[in-house]
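Coordinates in review
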Amino acid sequence: MEQVLAKWESLSSSSGAFRFLNINLRSVGQVMFQNNPLSGILFLAAIAWGSYVAGVPQVAIAGILAVVVANLTAQWLHVDTESLHSGLYGFNAILVGLALATFLAPGPLLWVYVILGAAVSVVVMLGTTNVVKPWGGALTFPFVLTTWLLLLATYGFSGLAGAALPTGNVVTAFQPYKGSPLQLIDLVQGVFLSISQVFLKASGIAALLLLAGLAVSSLAAAAFALGGAISAVLTAHLFGAESDLITGGLLGFSPVLTAIALGTVFYQPSWRVVAYTVLATVFTVIVQSAVNVALTPFAIPALTAPFVLVTWLFLLPRQRLEGVPEGARDIEKPAAVA
Amino acid sequence: MEQVLAKWESLSSSSGAFRFLNINLRSVGQVMFQNNPLSGILFLAAIAWGSYVAGVPQVAIAGILAVVVANLTAQWLHVDTESLHSGLYGFNAILVGLALATFLAPGPLLWVYVILGAAVSVVVMLGTTNVVKPWGGALTFPFVLTTWLLLLATYGFSGLAGAALPTGNVVTAFQPYKGSPLQLIDLVQGVFLSISQVFLKASGIAALLLLAGLAVSSLAAAAFALGGAISAVLTAHLFGAESDLITGGLLGFSPVLTAIALGTVFYQPSWRVVAYTVLATVFTVIVQSAVNVALTPFAIPALTAPFVLVTWLFLLPRQRLEGVPEGARDIEKPAAVA
Amino acid sequence: MEQVLAKWESLSSSSGAFRFLNINLRSVGQVMFQNNPLSGILFLAAIAWGSYVAGVPQVAIAGILAVVVANLTAQWLHVDTESLHSGLYGFNAILVGLALATFLAPGPLLWVYVILGAAVSVVVMLGTTNVVKPWGGALTFPFVLTTWLLLLATYGFSGLAGAALPTGNVVTAFQPYKGSPLQLIDLVQGVFLSISQVFLKASGIAALLLLAGLAVSSLAAAAFALGGAISAVLTAHLFGAESDLITGGLLGFSPVLTAIALGTVFYQPSWRVVAYTVLATVFTVIVQSAVNVALTPFAIPALTAPFVLVTWLFLLPRQRLEGVPEGARDIEKPAAVA
């Protein structure tokens, strides 16, 4: 594996085309925090498979187009080379492309929208990073903000119809599930689809490809992804969430990202960090439900907003805590605190 | 009084149990900015009395449980000792506990919710403090954010029914009050309930206990609380607010906190500061009405969000103003501006 | 022209009354970023004409009252003299006055509201400037926030009826325009009204006066205003926006401000900056549609929020980009990044 990656890097440094391919693959890997082109390939395979079985190949194409446009925009804006090479300017765009093609009907204006959204996501990435640098990364906030604005706007445009967008509604008391209770197999399905829904896919095979993509880069990341999905499904079940949301993985994809981010990226693993991460993961399920409810009148999906909000909340104390979570000490402290 | 407090502090430093009790009492006092255990005792009496007469003893219990959980969580997270001892990590949690038990139906999951909310409020407190340190305190923002998210989420959970939560609605033009006009006695009632509603209680006796708790710690705080309540009720009446909101104190509890915060905590009293505080207090009534309207589609209560927003807005200029409000000069200037 | 301005300044420095008049005229000019009293006079003429032909003279009076109250409040708060003299504490207030008198029914409480809103807008201006100083100006955020809160609150007050405010509604799929398609003349009208709607007016003559007011101060500003309006109308037409919104200039006034701000104020003009500004202007049209939709349940107008959001997003990278947009290098870098 190491040798393959070394060969890949030498190829990449000798050819402009390979370098650009490398940037785009790392961008795909960065959706789950993996700065690794092999992760990117496996994640792409998951996206392609998920789009194929769902009969929406244009979704995968929109994702790929968006990541390419974003990395071209980033170069045009002369962003710093290291972040560009690590894929940090492309991972939001691929999600923008996937989401727009998932929620909007196909047509020429969809592609205008994908290109526009991808370019804007780079600007938002640069801006968000400036604001949140003292305590963490931009995460998928640029994806969420850009996509929300683009989707909301379509309710005022006749050229862009929402294929999969609902009609707004007022918030009403939840009507509990009336059907047969959940079986263990339903919960297992919920765990796997929670992982594949990170890329807006409902496919067990895509989930396995994603876990493989994580494992080739970081076994800890794969473990925390799985653990996050299990915690999320159990928490949602405990609180009596709607069973379709649980089994479809729709309450679990944000917690999966929270678990990877807090457990393996920003803090060094330890028992204390595990406990802190479990608290954050459980709370992400609640925030997912809360954001779902809050967006009811606006008729747009929550995307990964719950992950961004909770991870920021749980990263913010890092600047101030002395000694806990232990990993915090290892991270360079910002010079000035906002 | 001084002697009693001195004796109390010596007791507190000699025994771990007393020290922890001390922290929790100061936490209760900090809801109204009083770092004083005696204020905490009187505030607790107000909470207990208000819960008893309303037939909801579980509300007081939830508040006490939450403050204890929060201070344990804070110790687990190794927060700084001075802020912990001053009760700064517990005052949001007691409000979380009171609000959850007020708005949700009793049941085992309510207690899970209270414990979770209390723990998360400490994380949010740490994070918010990091962001707002340059210009002021976190105020009750951690309480507002945590409780809003927990309450919103219940609309998606069948395990947690909202006993006192409405159904969402669209914003419509206000239908003016049709009944008999307000008498002076109604306005007086509104003034006192504005004070007791800081702790989500509608009780004149609770209001008197709260004023006593303020007075033992700071006569100025008691005076500004009363003055803030009077300004709020008169302003709401002038603009023609719904009379039930006025007499129930529901447009006045945020202004009471604004008046104490700006008039006695962050600025040094002077005629100029009084005028500035009156402007802020009047504007808090407007923001309270605005937030009530804005939350109509989401079917959640405004809590103290208007107080937090207006106090932050009126504290932000502190960094920049030279010489006004006069007190501003006495406060240490932050090294860097966010 | 230069001589007239020089004479004006010497008059202004010799008399307190002239100085105060000068401050207020510059405040009006600053709505479109022109620190120029002659621009202010021409903008006032546009406001007066637009209010006169629409039969609402109280709107112009409310705007003038608000700017005077704001500049008096700013002096009372001892703001820095240079910003005060440049009109930076008054331009939000004139918009507050215009908007309140446009959307609310006339009556004594309207004037209380205008005075209160104007005073608060200065506090919000001071606070916002503190937060956003590292990357740009407060823009019209103080106007948007203050006016939103004041308008929302009226739904809870019987004393302040919304003459031009709708009833809230849930978000539903857009019903495309059924009438005859737009002619070139309609699009030209949309371009001009996009300019006059910056001051909440629908008048071609007001638009010409505003362009003249820009041109006497900065030909580039006039050119970018016109270019921004044209881009906005074409973009809105391409996406199939409602034709009444296009021809009424209601999707174009925010893009006009974005174009002036990015193209001439914060960045130095160059082909690259032009391309960056076009991207931002096109995105402002989308955000305008998005904010219109998002505010449907709240029944309040978008005001210039889309301009503020997009301009902030496109200014934020300035701190970080090295070499692009080129103008960025010329601007003093902040010492600390929030």
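All of these numbers come straight from a predicted model, not from anything done at the bench. (Residues numbered from 1 in each chain as written. Chains lettered and ligands numbered in written order. Predicted model: local features only at pLDDT ≥ 70, side-chain atom pairs only at ≥ 80, totals over all residues. Heavy atoms only, no water.)

Remarks on the UniProt feature "site: Important for channel permeability" (unreviewed entry) in chain A
Residues and elements named next belong to chain A. For clarity, the threshold we go by: UniProt positions are given in the numbering used here, feature names are shortened, and annotations may be inferred rather than shown by experiment. The way it works is that DSSP assigns letters per residue, a run of H or I at least four long becomes a helix, a run of E at least two long becomes a strand, and they are numbered from the N terminus. Relative accessible area decides the class of each residue, using a 1.4 Å probe on protein chains only: under 20% of the type maximum gives buried, over 50% gives exposed, and in between gives partly exposed. Residue contacts are counted whenever heavy atoms from the two residues lie within 4.5 Å of one another.
Per the UniProt record, "site: Important for channel permeability" (unreviewed entry) is found at Thr304. If you trace the backbone, threonine 304 turns up in the loop between helix 14 (271–294) and helix 15 (305–315). Owing to a relative accessible area of 2%, threonine 304 belongs among the buried residues under this scheme. Not counting the four nearest positions on each side in its chain, threonine 304 is found in contact with Thr140, Phe143, Val144, Phe253, Ser254 and Leu257.

Focus on the side chain of Thr128(B)
By secondary structure assignment, the location of Thr128(B) is in helix 7 (residues 108–132). On the accessibility criterion, Thr128(B) (6% relative accessible area) is buried.

Section: unusual backbone geometry
One non-glycine residue, His78(A), lies in the positive phi region at around 55°. By the secondary structure assignment, His78(A) is in the loop between helix 4 (57–76) and helix 5 (81–85). According to the relative accessible area criterion, His78(A) is partly exposed, its value standing at 38%. Even without a glycine there, the phi angle at Phe33(B) is positive, about 70°. One can find Phe33(B) in the loop between helix 2 (16–30) and helix 3 (37–53).

Structural notes on the packing of aromatic side chains
Residue and element names in this part refer to chain A. For clarity, the threshold we go by: Within 6.5 Å between ring centres, the rings of Phe, Tyr and Trp (the latter by its six-membered ring) count as paired, and their orientation is classed by plane angle as stacked under 30 degrees, edge-to-face over 60, tilted in between.
Going through the model one piece at a time under the given rule, you end up with 27 aromatic pairs over all chains. Both rings, one in phenylalanine 141 and one in tryptophan 312, keep their centres 5.3 Å apart while their planes meet at 40°; by these two values the pair is tilted. Here the residue phenylalanine 141 occupies a position in helix 8 (residues 141–154), and tryptophan 312 occupies one in helix 15, the gap between them amounting to 171 residues. With relative accessibility at 15%, the residue tryptophan 312 sits in the buried group. Where tyrosine 276 meets phenylalanine 314, the ring centres are 5.2 Å apart and the plane angle is 65°; that geometry is what we call edge-to-face. Here tyrosine 276 is found in helix 14, whereas its partner phenylalanine 314 is found in helix 15, with 38 residues between them in sequence. For tyrosine 276, a relative accessible area of 1% gives the class buried.

What about the domain arrangement of chain A?
Residue and element names in this part refer to chain A. Stated formally: Each domain's extent was defined by an automatic or database domain assignment. As used here, buried area is the combined drop in accessible area, with a 1.4 Å probe, of two parts when they are placed together. By convention in these notes, a salt bridge is any Lys or Arg side-chain nitrogen within 4 Å of a carboxyl oxygen on Asp or Glu. Nitrogen and oxygen atoms within 3.5 Å of one another constitute a polar contact, given that in protein one can donate a hydrogen and the other can accept it, and given that sequence-neighbouring residues count only through two side-chain atoms. In this classification, Asp, Glu, Lys and Arg are treated as charged, Ala, Val, Leu, Ile, Met, Phe, Trp, Tyr, Cys and Pro as nonpolar, and every other residue, Gly included, as polar.
The assigned domain composition of chain A is domain 1 (2–156) and domain 2 (184–320). Here domain 1 and domain 2 have C-alpha centroids that lie 20 Å from each other. Taken together, the two surfaces of domain 1 and domain 2 that pack against each other cover about 3400 Å², and 79% of this comes from carbon and sulfur. Between the two partners, domain 1 and domain 2, sit 0 salt bridges. Put simply, domain 1 and domain 2 have 7 residue pairs in polar contact (both at pLDDT 80 or more) between them. Among the elements of the structure, helix 3 (37–53), helix 6 (91–103), helix 7 (108–132) and helix 8 are those that each provide at least two residues to the side of domain 1 that touches domain 2. Taken together, the residues that form the side of domain 1 that touches domain 2 break down as 28 nonpolar, 11 polar and no charged.

Some thoughts on the packing of helix 1 (residues 2–14) of chain A against helix 2 (residues 16–30) of chain A
Relative placement of two packed helices is described by the angle separating their axes and the distance separating the axes. Residue and element names in this part refer to chain A. Where we set the bar: In this analysis, axes come from line fits to C-alpha atoms, helices being fitted only over the stretch in contact, and the angle between any two N-to-C directions falls in the range 0 to 180 degrees. For classification, angles of less than 35 degrees are called roughly parallel, those exceeding 145 degrees roughly antiparallel, those between 65 and 115 degrees roughly perpendicular, and all remaining angles oblique.
Axis separation between helix 1 and helix 2 bottoms out at 5 Å; the angle between their running directions is 125°. In terms of axis orientation, helix 1 runs oblique to helix 2. Residues Trp8, Glu9, Leu11, Ser12, Ser13 and Ser14 of helix 1 pack against Gly16, Phe18, Arg19, Leu21, Asn22, Leu25 and Arg26 of helix 2. Each residue belonging to the contact of helix 1 with helix 2 can be placed in one class, and the counts come to 5 nonpolar, 5 polar and 3 charged.

Focus on the environment of Leu295(B)
All names here are of chain B. If you trace the backbone, leucine 295 turns up in the loop between helix 14 (271–294) and helix 15 (305–315). Taking the relative accessible area as the measure of exposure, leucine 295 reaches 10% and is therefore buried. Once residues lying within four places of it in the same chain are set aside, the contact partners of leucine 295 are Trp148, Ile300, Pro301 and Ala302.

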